[in-house]
Amino acid sequence: MFDLLDYLSLILIFVFGVPHGAFDASIALTLGYYENLKSKLIFIFLYILLALAVAITWYLFPTFVLIIFLFISILHFGLGDTNWSKSFKCLLSVYINGGIIIFGISFIHYEEVDSIYQILLNGSNTYYVWYYLKYGLILWLLLLPFHTYINFDEIKKDYIVRISIISIIIYTTNAIFAFSFYFCFIHSFNHIKRILPSLRNNLSDKNIKNMFLFFTVLTWILGFIIFTYLNYYGSLDHSIIKVTFIGLAALTFPHMILVDLYFRPSLKI
């Protein structure tokens, strides 16, 4: 099913994409949730518990969780590309920017993405996934002119270049590479670039690096264990897809709660 580029893209997601979430411990410490042993244990326990709950819920209700994950990803990606504020303008930008990735990759590479969705749904029908994506795309198309009009005076050259690059990559490459490129080199890069100054205002570089390395390696070890288990009972390609995207979903929910609901609003970034 996969070629060499697909495998390299998935490796990139694990090596360069997933680790951006390893800064969550530093974020929690900056917010005051990771200051002593008790709070550290509570934070790690709740983080893992929520990730595990997502994985179990996916197993029980795969279609429902996949749909939620796709729209949560739109919000998370959009927030990562938008300056936070309590305004309709911000929310509009979030949906438009995040929608470029999810709707663009899904519909431009329909057959490839549908096969991935089938794997994630354990072979179940993908009708409802595409049903909600279709209406999400219609809403996106209706809101696009308003977004352009409202933000016209603030659209800068670097934004146009970034959107152009993303659009070209999505249109000219396959789905997995396009997602990997955006996730690793745009979303993860922007996330680190935006949060690092705030973390450095409160923590030493050594402290940030140590926590980053610890949670990165921990994530890789857990991912490898889960992959080994899945691969024992299924095919290599299916196991890779499941550990990548279900794993991302499990980590995205607690990551988004911490970053998008607490960290960005509190520091206005």
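Structure report, in brief. (Residues numbered from 1 in each chain as written. Predicted model: local features only at pLDDT ≥ 70, side-chain atom pairs only at ≥ 80, totals over all residues. Heavy atoms only, no water.)

With 25 residues, helix α7 (residues 127-151) extends 35 Å between its outermost C-alpha atoms, agreeing within 8% with the 36 Å of an ideal straight helix rising 1.5 Å per residue. Check the buried side of α7 and you find it contacts α4 (62-80), α5 (88-108), α6 (110-120) and α8 (157-172). (Helix = DSSP H or I, 4+ residues; strand = E, 2+ residues; numbered from the N terminus. Expected span 1.5 Å × (residues − 1). Contact = heavy atoms within 4.5 Å.)

With that settled, consider the environment of Ile246. Its location among the elements puts Ile246 in helix α11 (residues 236-267). Look at Ile246 and you get buried, because its relative accessible area is 18%. Distance in space between the C-alpha atoms of Ile246 and Trp58 is 7.7 Å, their sequence separation being 188 residues. (Buried < 20%, exposed > 50% of the residue type's maximum accessible area, 1.4 Å probe, protein only.)

Its place among the elements puts Asp114 in helix α6. Summary of buried charges: Asp114 has no salt-bridge partner, and the nearest side chain of opposite charge, Lys134, is 14 Å away. (Lys, Arg positive; Asp, Glu negative; His and termini not counted. Salt bridge = Lys/Arg side-chain N within 4 Å of Asp/Glu carboxyl O.)

Geometry of an aromatic ring pair is reported as the spacing of the ring centres plus the angle between the planes. Per the stated rule, a full pass over the model turns up 22 aromatic pairs. Aromatic side chains Phe77 and Phe179 sit 6.2 Å apart centroid to centroid with 55° between the ring planes, which places their arrangement in the tilted category. Here Phe77 is found in helix α4, whereas its partner Phe179 is found in helix α9 (residues 175-200), with 102 residues between them in sequence. Between Tyr117 and Trp130, the aromatic rings sit 5.5 Å apart at their centres with planes inclined by 50°, giving tilted as the arrangement. One end of the pair, Tyr117, is in helix α6; the other, Trp130, is in helix α7, with 13 residues separating them in the sequence. Tyr117 gets classed as buried once you look at its relative accessible area, which sits at 6%. An aromatic cluster is present here, built from Phe77, Phe179, Tyr182, Phe183 and Phe245 joined pairwise through their rings. (Phe/Tyr/Trp six-rings, centres within 6.5 Å; stacked < 30°, edge-to-face > 60°.)

Among the nonpolar cores identified, the biggest contains 61 residues, and Leu66, Tyr117 and Leu120 are the most heavily contacted of them. Counting residues per element, this core draws most heavily on α11, which supplies 10 residues. If we ignore the near neighbours within four places in the chain, the residues touching Leu120 are Trp58, Pro62, Leu66, Ile241, Lys242, Phe245 and Ile246. Listed in part, the 20 residues of the second largest apolar core include Tyr34, Leu203, Ile208 and Phe263. (Core = buried A, V, L, I, M, F, W, Y, C linked by side-chain atoms within 4.5 Å.)

Right, let's talk about helix α2 (residues 24-31) for a bit. Side chains of residues three or four places apart in an α-helix project in the same direction, reflecting 3.6 residues per turn. In terms of burial, α2 is a largely internal element, 7 of the 8 residues being buried. Among the residues of α2, Asp24, Ala25, Ser26, Ile27, Ala28, Leu29 and Thr30 are the ones counted as buried. Tucked inside the fold, the buried residues of α2 contact α3 (37-60), α9, α10 (205-233) and α11. Following α2 by one or two positions, Gly32 adopts a phi angle in the positive range, close to 90°.

Turning next to unusual backbone geometry. Positive phi values are uncommon outside glycine, yet Asn122 reaches one of about 55°. Within the secondary structure layout, Asn122 lies in the loop between α6 and α7. Classification of Asn122 as partly exposed rests on a relative accessible area of 47%.

On to the environment of His147, then. Examined against the element boundaries, His147 turns out to sit in helix α7. If near-sequence neighbours (up to four positions away) are discounted, His147 is found in contact with Leu92, Ser93, Ile96 and Tyr159.

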